[in-house]
Amino acid sequence: MSAPDAEGRPRRTTRRFPLFTRDTARPEGGGRAASGDAPAPARQWPILAVLSAVGLGLLLVALDAFRFGTVLIGAALLAGAVMRWMLPDVGMLAVRSRFTDMVTYGVLGLAIVLLALMAQPSPWLVIPFLDDTLHFTVR
């Protein structure tokens, strides 16, 4: 038996998920980053900061400063991970749960920075065991 419905008749409940989703939960930290009376750009400043840095990085890549631009793109994602961790409300920067967003932004940012530093020719970061691993797998 279960709780009564609107007419007072007992209804059978199930533990299965509903067929149709009626509502979605906002991500943790998905509130406005500024008060509601502030203009829209001020309310969404975290995502605008990250997107501006990524846009500047893409502009640097287009202007033939590949390594600096790519490092800036990765650093922007790492800054997004830090903002997601430190700020209680980050607006549209919050997509999933706080942990998932931090891990996603952090891993992608770190991977982009490391790949930019190891890019050929004349890499700024040389990891010797990766070169040995490549030669071992190709031979």
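Right above here is the structure, for reference.
Residues numbered from 1 in each chain as written. Predicted model: local features only at pLDDT ≥ 70, side-chain atom pairs only at ≥ 80, totals over all residues. Heavy atoms only, no water.

Next up on the list: the nonpolar core. With 13 residues, the main nonpolar core has V50, V54, A76, M83, V90, L93 and Y105 as its most contacted residues. Of all elements in the fold, only α2 (45–62) and α3 (66–86) reach the threshold of two or more residues within this core. If one sorts the elements of this core by residue count, α3 sits on top with five residues. (Core = buried A, V, L, I, M, F, W, Y, C linked by side-chain atoms within 4.5 Å. Buried < 20%, exposed > 50% of the residue type's maximum accessible area, 1.4 Å probe, protein only. Helix = DSSP H or I, 4+ residues; strand = E, 2+ residues; numbered from the N terminus.)

On to the pattern of salt bridges, then. Oppositely charged side chains can form a pair if their charged atoms are brought close together. Enumeration over the complete set of coordinates arrives at two salt bridges. Across the salt bridge formed by D101 and R84, the nearest N and O atoms sit 2.8 Å from each other. Pair noted here: D101 is in helix α4 (residues 98–117) and R84 is in helix α3, with a separation of 17 residues, a long-range link. With a shortest N-O distance of 3.1 Å, D101 and R96 are connected by a salt bridge. Overall, the relative accessible area of 0% leaves D101 in the buried class. Note on R96: relative accessible area 33%, which makes it partly exposed. Three or more residues joined by partner-sharing salt bridges are found here, namely R84, R96 and D101. (Salt bridge = Lys/Arg side-chain N within 4 Å of Asp/Glu carboxyl O.)

Below, the discussion takes up the layout of surface pockets. Each pocket or cavity is described by its volume, and for the largest pocket that value is around 170 Å³. M118, Q120, P123, L125, V126, I127, L130 and D131 are the residues that line the largest pocket. Of the residues that constitute the lining of the largest pocket, the class distribution is six nonpolar, one polar and one charged. (1 Å grid on protein atoms, 1.4 Å probe; cavity = no way out; pocket = protein on both sides within 12 Å on 5 of 7 lines; lining within 4 Å. Points joined across faces, edges and corners; volume = space filled by probe spheres on them. Nonpolar A, V, L, I, M, F, W, Y, C, P; charged D, E, K, R; others polar.)

Bringing the packing of aromatic side chains into the picture now. Evaluated as defined, the whole model comprises one aromatic pair. Geometrically, the ring pair formed by F68 and W124 is edge-to-face, given 5.5 Å between the ring centres and 65° between the ring planes. One end of the pair, F68, is in helix α3; the other, W124, is in the loop between α4 and α5 (128–138), and 56 residues separate them in sequence. As far as the burial class goes, F68 and W124 line up, both exposed. A cation over a ring is seen here: R67 above W124, with NZ or CZ 5.1 Å from the ring centre. (Phe/Tyr/Trp six-rings, centres within 6.5 Å; stacked < 30°, edge-to-face > 60°. Lys NZ or Arg CZ within 6 Å of the ring centre and 35° of its normal.)

Contact geometry for α3 and α4: axes closest at 8 Å, N-to-C directions at 160°. In terms of orientation, α3 lies roughly antiparallel with respect to α4. Crossing of α3 over α4 shows left-handed handedness. For the pair formed by α3 and α4, the contact residues are R67, T70, V71, I73, G74, A75, L77, L78, G80, A81, R84 and W85 on the first element and R98, D101, M102, Y105, G106, L108, G109, L110, I112, V113, A116 and L117 on the second. Here the contact of α3 with α4 is composed, by residue class, of 15 nonpolar, five polar and four charged. (Axes fitted to C-alpha atoms, helices over the stretch in contact; angles between N-to-C directions. Parallel < 35°, antiparallel > 145°, perpendicular 65-115°, else oblique. Left-handed = near helix turned anticlockwise from the far one by under 90°. Contact = heavy atoms within 4.5 Å.)

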